[in-house]
Structure formats: C-alpha cells, structure tokens
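Next come the chains, spelled out residue by residue.
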Amino acid sequence: MPFALAAIIGTALLYPFGHQQRTGADLGLGQYPVNGEVIAAEAGGCGDSDGCVTLQVRMADGPNPGRTIAQVMPTEPGTPRFAVGDQVVLSYAGANPEEESSYQVVDFQRGTPLIVLGLVFAVAVLLLGRWQGLAALGALVLSFVVLIGFVLPAILAGENPLLVSVVGSGLIMFVVLYLTHGFSARTSTAVLGTLLSLALIGGLSALFSATTRLTGLDDDTSSLIAALGTPIDARGLLLAGIVIGALGVLDDVTVTQTSAVWELRRANPNLGWRKLYNAGLRIGRDHVASAVNTLVLAYAGASLPLLLAYSLSGRSFGEIISTQAVAQEVVRTLVGSIGLVAAVPITTLIAALVASRETGGTARGTAAERVGSAAAESATTRVHRRRRPPQAPTT
C-alpha cells in the first residue's frame, strides 16, 4: 500500500497538467503523410545515369486524392526497392499540392500486416491463457496507456526522465501483475520483489552512467532536443530507457520465483522458510542464467547494424567498447542483468517468509482440495473408531 500510494502521488505530481506540447508544424515538422499506390515503374529518369527508377504513384488521400504523380527514386544499395502494386507513403511538405516536387516517397504502408500479426498474437495468448490470457492482453493495453498518456508527456514537459520512468514503471507493474494474477499475497510478493529490483537498477544505472560519463546524446536524441527547442536531460532519458526496458524481464523472474516457492510450500507444508528459500534459489539459478543470456542477445540484436559498422572500422575491441553508442548499450545490458540476478534472492526470500507463515490448509491448495482432505481425514477417523477393540469394564 505505501508503494501504491507513492506511485499514485508521484503520477499526480509529475503529470504535466495544463502543458500544451507543440507538435507538427509548430516544431518545424511540416511533413504530412499521404497514402498511395505504385501503378508503374520504369528505369531511368535521372539524366545519363542508370541508377534511378521513375515511379508512377496514385495518391489515395491527401490534398489531391486520385491524382497520379511521378517520383524518381535512386536504385543504390542503401535504398529500398519499389514495385508495381506496392502500397507506399509519401511525405507532403504542405507547399503547392499541384507540384510533384511537393511530395516524396518515404516508406511502405504496413497497417494491414501489423493488424493481422496483432490478431494472431492475441489469438495465441487466448488459446493458451484463456481468461488469464485475456487479462494479460488487457494489462498490455493499459501499459501502453501509461506510456503514451503519462511517461511521454511528462518527459516532453521537462520532468526528470528517471523519476518519471520509475513512477511509470510502478504504475505499469501494479496494473499488469494484479490484473493478470489477481489480488493475493503471492502477487504482492512479486510486486515487492520487482519494486526493490527496479530501485537497484535505477541506482546502479545512475551511478555507472555518471562514472562512465555517458551523455545519452545519440543522433535520435540530439535531433529530438533540437526540434523541441527545450532542454531535456539526455542522460536521464537514457536511464529511463534502462528502467523501462528491464521491467518486462523483471516481471517474468519475480512471478516465476514466487510461484515456485508457493508450489513448493503446497507440495510440502512442513517446509520452513529456510528450506523454501534454498529450494527456490536452486530453481532461480537456472532461470536467471537463461534470462541474462536473453537480455544480452536482445540488446545485441537491436544494435546489430551498429556492431557491424564498428567491426569494419579497423579499431580495437577496447576502442569500440568505449565509444558512446556501444558503452551505453554495455551499461544498459550489465545493469539490467545485475538487477535480474538480484531479483532472484530478493523475491525468493520474501516469498519464503510470507509462504511459510501461511496456515497449512492455505498452503496445501484450493478450497476443493482442502474439503477433500478433510473428508478423507474424517472417514479415516471413523474407520479407526469402528476397529477399536472393546475395553474391559471397570469396577
């Protein structure tokens, strides 16, 4: 309850009430998307060079829906390939809508495939998880609501990104865990373990980002700050990404550890908290080993183009690892992994202390199991009474 109240109060204090965030043309981003379809493509269109293709694109919306315009695209190795029938997105600069130069093909349309993929994902979760899967999908939607409705506006309004990410992660954690797993001592144990691990990750990321002098000023962050024209703590933005990125994996570890301890307690109600802790820790060692490997590979996969570029630079491994772009990923990976490792003993200890204090009947299982056990004990008692030999009369 204290942590929940702190998250609610923090949200109220950090939410940018009354702040009007400039967007679009107000920030100089006067580009508007226009959907279109490639109806013809032929080589040439850029003078004597053969490295271009001329596309005929019919616009589906925008200022001139139904009109066909010509777009000359280079055919270099670093540019995408377009073909007849492709659904594309053009960028309209807001100038004369009759001029073809006011438009530029910038991307493909991906709405339909993404919707299909999302539906396949939802069906897979519902088939396996059923009602709990439905709750998990609802929690996922609410997580996006917190990110889009609170975290992003608060950071853009100039609030401390690390503090915003901690409060936002707390809200997401409460919503996801309690909605998915219900209100119980088991869920509260996972919540407490996640909170403590998040606090450790936030502290370590702040410490090592300062000692390694990470600025957080990559190309995307620099462009964002330049467009906004207002100061944003770039290092704090990096720390916020570390905290939010580690939250999903932490949920997995803490819930698994808590469930393992409760199942051990159910299987043997006579286990004390020390034996529960030791048994749960043995399970956690296997889990955390695979989780750390997953985290490292996830960050490596996301940074693969960057790693490929650095591998061709001819620089030594020490020089590459100490560059800003790579070093921040190293700090992100190692700090998150330390938090995962620490989450196992922290959560297991809390779970062992709480589960061992529950009554034997509660630890054994569901209400139906307890009723069946009580009926069996009653029947056994009656049988023993019937078989008891008659006692000699006393004088």
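The name given to the chain in an unreviewed UniProt entry is Putative membrane protein, and the organism recorded there is Saccharopolyspora gloriosae.

Draft legend 1. Structural context of the overall build of the chain. Of regular secondary structure, the chain possesses twelve helices and five strands. Evaluated residue by residue, the chain yields a buried proportion of 35% over its 395 residues. Here the contacts in the chain between residues at least 6 apart in sequence split such that 65% fall between residues at least 24 apart. Here the chain has roughly 22,600 Å² of accessible surface; of this, 64% comes from carbon and sulfur atoms.

Draft legend 2. Fine view of the packing of helix α6 (residues 234–267) against helix α7 (residues 273–302). Contact geometry for α6 and α7: axes closest at 10 Å, N-to-C directions at 160°. One way to sum up the angle between α6 and α7 is to call them roughly antiparallel. The handedness of the crossing between α6 and α7 is right-handed. Facing α6, whose interface residues are Gly245, Val249, Asp252, Val253, Thr256, Gln257, Ala260, Val261, Leu264 and Arg265, α7 presents Leu276, Ala279, Gly280, Ile283, Gly284, His287, Ala291, Leu295 and Tyr299. For the contact of α6 with α7, the per-class residue count stands at eleven nonpolar, six polar and two charged.

Draft legend 3. Quick look at the pairing of strand β3 (residues 68–74). Residues Ile69, Gln71 and Met73 of β3 are buried on one face, while the alternating residues Thr68, Ala70, Val72 and Pro74, pointing to the opposite face, are not. Here seven bridges tie strand β2 (residues 52–59) to β3, and the two strands are oriented antiparallel to one another. In the strand pairing of β3, leucine 55 is matched with glutamine 71.

Draft legend 4. Just the nonpolar core, in detail. The biggest cluster of nonpolar side chains holds 46 residues, and the ones touching the most others in it are Met173, Phe174, Val191 and Leu340. Elements represented by at least two residues in this core include exactly α2 (111–156), α3 (161–181), α4 (185–211), α6, α7 and α10 (324–357). Ranked by the residues each element gives to this core, the list is headed by α6, at eleven residues. Beyond its immediate chain neighbours, meaning those up to four positions away, leucine 340 contacts Val249, Leu250, Val253, Val288, Ala291, Val292 and Leu295. In terms of nonpolar packing, the next biggest core, distinct from the first, is built from 14 residues, Val53, Val57, Met59 and Ile69 among them.

Draft legend 5. Spotlight on the pattern of salt bridges. All chains considered together, the criterion is met by five salt bridges. Residues arginine 266 and glutamate 263 are paired through a salt bridge, measuring 4.0 Å at the closest nitrogen-oxygen approach. Here the residue arginine 266 and the residue glutamate 263 both occupy positions in helix α6, the gap between them amounting to three residues, near one helical turn. Since its relative accessible area comes to 29%, arginine 266 is described here as partly exposed. Judged by its relative accessible area of 37%, glutamate 263 is partly exposed. In this structure, a network of salt bridges that share partners links the residues Arg186, Glu263 and Arg266.

Draft legend 6. Structural context of α3. The end-to-end C-alpha distance of α3, which contains 21 residues, comes to 29 Å, matching closely the 30 Å that a straight helix rising 1.5 Å per residue would cover. In terms of burial, α3 is largely enclosed, as 16 of its 21 residues are buried. Backbone nitrogen of leucine 162 and a side-chain oxygen of the N-cap are separated by 2.9 Å at the start of α3; the cap is asparagine 160. One or two positions beyond α3, positive phi appears at glycine 182, with a value near 85°.

Draft legend 7. Focus on unusual backbone geometry. In this structure, arginine 130 is a non-glycine residue whose phi angle is positive, near 55°. Assignment of secondary structure puts arginine 130 in helix α2. Under the relative-accessibility criterion, arginine 130 is labelled exposed at 64%. One non-glycine residue with positive phi stands out, namely arginine 213, at about 55°. Overall, the relative accessible area of 69% leaves arginine 213 in the exposed class.

Draft legend 8. A look at the sheet that holds β3. Reading across from one edge, β3-β2-β1-β4-β5 is the order of the five strands in this open sheet, with antiparallel pairing throughout. Every other strand in the sheet has two partners, leaving β3 and β5 (103–108) as the edge strands with one partner each. When strand polarity is set aside, the average angle formed by the axes of neighbouring strands in this sheet is 45°.

Draft legend 9. Structural view of the UniProt feature "transmembrane region" (unreviewed entry) in the chain. Using the residue numbers shown here, the UniProt feature "transmembrane region" (unreviewed entry) corresponds to residues 111–128, 135–156, 162–179, 191–212, 232–250, 291–313 and 333–355. Structurally, residues 191–212 is divided into 95% helix and 0% strand, and its ends, taken at the C-alpha atoms, are 31 Å apart.

About the criteria used
Residues numbered from 1 in each chain as written. Predicted model: local features only at pLDDT ≥ 70, side-chain atom pairs only at ≥ 80, totals over all residues. Heavy atoms only, no water. Helix = DSSP H or I, 4+ residues; strand = E, 2+ residues; numbered from the N terminus. Buried < 20%, exposed > 50% of the residue type's maximum accessible area, 1.4 Å probe, protein only. Contact = heavy atoms within 4.5 Å. Areas by Shrake-Rupley, 256 points an atom, 1.4 Å probe, with all protein chains shown as cover. Axes fitted to C-alpha atoms, helices over the stretch in contact; angles between N-to-C directions. Parallel < 35°, antiparallel > 145°, perpendicular 65-115°, else oblique. Left-handed = near helix turned anticlockwise from the far one by under 90°. Nonpolar A, V, L, I, M, F, W, Y, C, P; charged D, E, K, R; others polar. Pairing = 2+ DSSP bridges. Core = buried A, V, L, I, M, F, W, Y, C linked by side-chain atoms within 4.5 Å. Salt bridge = Lys/Arg side-chain N within 4 Å of Asp/Glu carboxyl O. Expected span 1.5 Å × (residues − 1). Polar contact = N/O pair within 3.5 Å; in protein donor to acceptor, adjacent residues only side chain to side chain. UniProt positions renumbered as here; feature names shortened; annotations may be inferred.

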